[in-house]
Amino acid sequence: MKKITTLALVSLLSFGCSAKESDSQTCQYTKASIKQSLAEQKSAKSQSANHYYLRESQDPDSDETVLTEYLVLNNGSTATLEHKFCDMYNLEISYLNSQAVDKNTIKDLTSQLNQWLVNAPVKLTFKKPFSEIVNSTLSESQKKLEQTFSISLPDDKLDANASVEYELGFSPVANSSLYSSMFNLYLGVGGE
Amino acid sequence: MESGIYKSVGHKGANEKRDVKLIQSYLNAFSINKKLTFSLKVDGIIGKKTVTAIKTFQKDATGMKYPDGRVDPGGRTYRYLTMYIPKSEQARAEKNINKTSVTKPVVAVTPAVIRDNAGLSNYTVSYKSSVKESRKIVSTYAIDIIKLALKESGATKAVITSTLRTPEEQAAIMLKNAKINLKKQYRLYGRNGDKVLKIYENNKSKADDKIKALMVTEIESLAKDSKRVSKHCVSVADYKKLNIIDIGLNSTKNVNLNFDTTAFTKALKSLQEEGYIKKFIDETGKSNQCWHVEIVPNIKGIIEYNKSSILNQFTYINGLLA
């Protein structure tokens, strides 16, 4: 009986392993490659941060792997970079800004976001400087850093050899002594 | 029979009145093309306007890096200037050149004339049978650009497998696929698509038409903020401004003999670099198995496709060099 139970357990385990193996093989973006890329970028990211932490999880809707980087930046702002991937690569950056919102905010923010984007695990080439793309889109859509908004950024200015959707969001943070505002950038590469 | 200009015309040219008149009328024939909007007085007098027009033509239609503003008999500029004008029309223009002070304009070099003379009429771009009649709305211009890619790559036929999807069609596809495998659909779509899938997930118990209507509302609401659920999901009005096309790999392979996939990909990429294709994604290696192209109708005249490779092919194929 004990032998049968052990055999069943071994069989189940091996089945489970091979199922997982084939799952990762069918993904265009694999955990190994994304993890490796994040590891390569870790020291650069850590230079501008007091704390760096990486967490692995699974998206409950899609079962895609999610790797989330938590950063407490030297300027007091905090950021999370969530990489969710399989058939698509999704990057969601949430940036809690500790600095006052002024005329330099967009310049500083786009510089930081650009650095994370160009070093993302998926190769991205901007046809125009990222700051210009953001500034012209904000100007065209008449959005200002005064109230909550979410705008779609033009995908034809970004080459990723796949379809791209990316958006920038902003919302002021009220009643906080630590943060003035929150920025959100979503980038989706590939997929339908 | 036409004999062409006798001496050079333009900057530091001999500028004989007859020759200048001919060049002025030939330049005017290109005015239908976006960048070559010349409106020269055919008076046989060389001036700043005519020299500027020659330089513009040299730059935009012959690919000359350093335009010299002069047309020489049998030279490159003259060949390009006359390659789209029928010989009979050239002969008529020459015959009548001295009859009146203002010559009757030679026949306009329209996109159709260019297409015929460039040999594009020998290429076919068709729709796959699954594409609805109401969705066969790709512009003639976009079709011509695909024909250019065919010509560059040595193929003759291409098959369009997808054009636009209305929000209703998009919702119907998503609903159908979500019912089969919701997780897979979540993996396939980005953030906006996921929002539409969430509507399905939260309303699963309702009737299909009710779920679909809710999904359509979500797609339309996203579209108001210029957020697309799928590359193909746009309104007809928006589609007319930007043609979104999938060219099927297998369908296209099946209608060509010895189809060269790499060459066709390269040609589309090159057309993108030249500014004819706004967006190009090679999805032949992905589950879609297609080339995805987005083309703004009439963004750049075909005449301006001045890569030496293709125009030399035109002149060679049409025997216009001789």
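Right above here is the structure, for reference.
Worth saying up front: this structure is predicted, and the values here are computed from it rather than measured.

S.K.: Quick question: what am I supposed to make of the sheet that holds strand E3 (residues 124–127) of chain B here?
M.R.: As a general point, the strands of a sheet are linked pairwise by backbone hydrogen bonds and lie either parallel or antiparallel. Residues and elements named next belong to chain B. Here we have five strands laid out as an open sheet, ordered E3-E4-E5-E7-E6, and mixed in their pairing. Two strands in the sheet have a free side with no partner beyond their single neighbour: E3 and strand E6 (279–283). Going across the sheet, the axis of each strand differs from the next one's by a mean of 30°, ignoring polarity. Relative to strand E4 (residues 157–162), E3 runs parallel, the two sharing four bridges. Note that in E4 the partner of Ser-126 across the bridge is Val-159. Contacting strand E5 (243–248), E6 and strand E7 (290–295), helix H13 (residues 261–273) crosses the sheet at an angle of about 160° to E6.

S.K.: Sorry if this is basic, but what is going on with the environment of A:Gly190 here?
M.R.: Residue and element names in this part refer to chain A. Turning to its location among the elements, Gly-190 is positioned in the segment after strand E9 (181–189). When the C-alpha atoms of Gly-190 and Gln-28 are compared, they prove to be 9.5 Å apart, with 162 residues separating the residues in sequence. Aside from chain neighbours lying at most four places away, what touches Gly-190 is Met-88, Ala-162 and Ser-163.

S.K.: Looking at this model, I keep getting lost on the sheet that holds strand E8 (residues 164–172) of chain A. Mind explaining?
M.R.: All names here are of chain A. If you trace the seven strands from one edge of the open sheet to the other, you get E1-E2-E3-E4-E9-E8-E6, paired in antiparallel fashion. At either margin of the open sheet sits one strand with a lone partner, and together these are strand E1 (49–58) and strand E6 (149–153). Taken pair by pair, the neighbouring strands of this sheet meet at an average axis angle of 15°, ignoring direction.

S.K.: Any chance you could explain the side chain of B:Gln272 here in plain terms?
M.R.: Residue placement: B:Gln272 occurs in helix H13. Ignoring sequence-local partners within four residues, the contact set of B:Gln272 consists of A:Lys127, B:Ile277, B:Lys278, B:Lys279 and B:Phe280.

S.K.: Quick question: what am I supposed to make of the pairing of E1(A) here?
M.R.: It is a general feature of regular strands that their side chains alternate between the two faces of the sheet. Residue and element names in this part refer to chain A. As judged from the nine bridges shared by E1 and strand E2 (residues 65–73), these two strands associate in the antiparallel manner. Across the sheet, the residue bridging to Tyr-52 is Leu-71, located in E2. Linking E1 to E2, which pair antiparallel, is a turn of six residues; within it Asp-63 sits at a positive phi near 65°.

Calculation notes
Residues numbered from 1 in each chain as written. Chains lettered and ligands numbered in written order. Predicted model: local features only at pLDDT ≥ 70, side-chain atom pairs only at ≥ 80, totals over all residues. Heavy atoms only, no water. Pairing = 2+ DSSP bridges. Helix = DSSP H or I, 4+ residues; strand = E, 2+ residues; numbered from the N terminus. Axes fitted to C-alpha atoms, helices over the stretch in contact; angles between N-to-C directions. Contact = heavy atoms within 4.5 Å.

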